[in-house]
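# Reading the structure
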Amino acid sequence: MYQIKLMYKRREFQLTFFLMMLICIAAFVFACIQNYSADLTRVLSADKTFILRDLGSDFLFLLVYILPVFAVLPFADSYYTDQKENIVPLVVTRTGVKKYFFSKLYSVAISSAIVTFIPFSVNYILGLIAFPLTSTNFIKASPSAEQTDFYSDNTMENILFPKTFVNHPYLYNLIFMVLLTLFLMICSILVYELSYYIDKGRIFILSALFVANDVLILLANTSIAGDFLELAPNCYFTAYDITPRKSVGYMVFLFVSIIVAIICLIPGCISKLSGKGKAK
């Protein structure tokens, strides 16, 4: 509980949560403005205005680049800051190594979940309140007659879980919201553990996930791997992404590889903490 209280009081957490709420609410307001006074046959349904689903949205484009930073900024670097302020030996002596390590790990996961899932949920709920549940329109300013392409066989082959997309669009959005939240949670935990091994500055720690994400995006745009498999994580955690060459197996690999890395790093982290306690 002590680490969670520290997390809530941290300015980085408060700022990140505020900015995410601002972005998600602004995306909803922008969708309302775009659909204001439109003919009822062209008003989008709530599932299509969801921030993780809104095709061509500047807000969705922005999230691709800020989420790798926003997921770790609230609390993932807290061990590094504790170490620089010489707090670690004192706290470890009082609470014990494992309690300190795991309480921080849980707090890092919770902080990442809060700054992503709650703002996305607010955007999701606001859409349900303001927009109809069904609509013949698919994208902004597009006549109903042009919608067949978005449900064509070629399109359905390029999205994940197409049957759920067609039959249960609201469940589909919820699934991707949960998947993205879980993915950012384990990524933030991995960054937290890596901070035990990295002593090159706070910026280096906070930018680690951002850099890794950009590297995968760049590789996805090359012929080395991009022609065989889509590597960019954002293509797997955005509802109705029509980028080709996606694989559910690769999504599972992302989750499994990060979880395995987290488990493998735990003994080393605890060992380093034990050394800090003895140094005290």
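Residues numbered from 1 in each chain as written. Predicted model: local features only at pLDDT ≥ 70, side-chain atom pairs only at ≥ 80, totals over all residues. Heavy atoms only, no water.

Across its full length, the protein holds 13 helices and zero strands. Its helices and strands taken in sequence order, the protein reads α-α-α-α-α-α-α-α-α-α-α-α-α from the N to the C terminus. Principal-axis analysis of the C-alpha atoms gives the protein an extent of 70 × 40 × 25 Å. The buried share of the protein, taken over its 280 residues, is 48%. Taking the contacts inside the protein whose residues are at least 6 apart along the sequence as the reference set, 77% of them involve residues at least 24 apart. Accessible surface computed for the protein: about 14,000 Å², of which carbon and sulfur atoms make up 68%. (Helix = DSSP H or I, 4+ residues; strand = E, 2+ residues; numbered from the N terminus. Buried < 20%, exposed > 50% of the residue type's maximum accessible area, 1.4 Å probe, protein only. Contact = heavy atoms within 4.5 Å. Areas by Shrake-Rupley, 256 points an atom, 1.4 Å probe, with all protein chains shown as cover.)

Counting residues in hydrophobic clusters, the biggest one holds 85 residues, and the most contacted among them are Ile51, Leu52, Leu63, Phe101, Phe120, Phe237 and Leu273. Here Phe237 is in contact with Phe176, Leu179, Leu180, Phe183, Met251, Leu254 and Phe255, once residues within four sequence places are set aside. (Core = buried A, V, L, I, M, F, W, Y, C linked by side-chain atoms within 4.5 Å.)

Here we take up helix α12 (residues 208–220). Compared with an ideal rise of 1.5 Å per residue, which puts 13 residues at 18 Å, α12 spans 19 Å between its outermost C-alpha atoms and is within 8% of the ideal. Residues of α12 that are buried: Leu209, Asn213, Ile217 and Ala220. Down the axis of α12, the smallest arc covering the buried residues is 75 degrees, so these residues share one side. Each element contacted by the buried residues of α12 is listed here: α4 (58–70) and α10 (169–194). (Expected span 1.5 Å × (residues − 1). Arc of directions from axis to C-beta.)

Looking now at the packing of helix α2 (residues 11–35) against helix α7 (residues 97–130). α7 packs onto α2 with a crossing angle of 20 degrees between their chain directions and a minimal axis gap of 9 Å. One element, α2, and the other, α7, form an angle in the roughly parallel class. When you trace α2 past α7, the crossing you get is right-handed. Judged by residue contacts, Phe13, Thr16, Phe17, Met20, Met21, Cys24, Ile25, Ala27, Phe28 and Cys32 of α2 engage Ser111, Ile114, Val115, Thr116, Ile118, Pro119, Phe120, Val122, Asn123, Leu126, Gly127 and Ala130 from α7. Looking at the contact of α2 with α7 residue by residue, the class counts come to 17 nonpolar, five polar and no charged. (Axes fitted to C-alpha atoms, helices over the stretch in contact; angles between N-to-C directions. Parallel < 35°, antiparallel > 145°, perpendicular 65-115°, else oblique. Left-handed = near helix turned anticlockwise from the far one by under 90°. Nonpolar A, V, L, I, M, F, W, Y, C, P; charged D, E, K, R; others polar.)

What follows deals with a nonpolar patch on the surface. The grouping of Phe117, Leu171, Leu174, Val178 and Leu182 at the surface amounts to a nonpolar patch, some 370 Å² of accessible area in total. It is α10 that provides the largest number of residues to the nonpolar patch, a total of four residues. When you line up the elements, Leu174 lands in helix α10. (Patch = residues over 30% accessible without salt bridge, like charges linked within 9 Å, V, L, I, M, F, W, Y side chains within 5 Å. Salt bridge = Lys/Arg side-chain N within 4 Å of Asp/Glu carboxyl O.)

This part covers the packing of helix α1 (residues 2–9) against α2. Relative to each other, α1 and α2 sit at 60 degrees, their axes nearing to 5 Å. Taken as axis vectors, α1 and α2 run oblique relative to one another. Each of Met7, Tyr8 and Lys9 in α1 lies in contact with α2, whose residues at this interface are Arg11, Phe13 and Gln14. For the contact of α1 with α2, a count of residues per class yields three nonpolar, one polar and two charged.

Counted under the stated rule, the structure contains zero disulfides. Distance from the sulfur of Cys187, which forms no disulfide, to the nearest cysteine sulfur (Cys235) is 15 Å. The thiol of Cys264 is not disulfide-bonded; the next cysteine sulfur, from Cys269, is found 11 Å away. The exposed category is assigned to Cys264, whose relative accessible area is 56%. (Disulfide = S-S within 2.5 Å.)

As for its placement among the helices and strands, Ala71 is situated in the loop between α4 and α5 (78–84). Classification of Ala71 by relative accessible area gives buried; the value is 1%. Contact partners of Ala71, with chain neighbours within four places excluded, come to Ser112, Leu184 and Ser188.

In this structure the tally under the stated criterion is 21 aromatic pairs. With a centroid separation of 3.7 Å and 10 degrees between ring planes, the pair formed by Tyr79 and Tyr196 is classed as stacked. Of the two residues, Tyr79 sits in helix α5 while Tyr196 sits in the loop between α10 and α11 (202–206), which places them 117 residues apart along the sequence. This pair shows no difference in class: Tyr79 is buried, exactly as Tyr196 is. (Phe/Tyr/Trp six-rings, centres within 6.5 Å; stacked < 30°, edge-to-face > 60°.)

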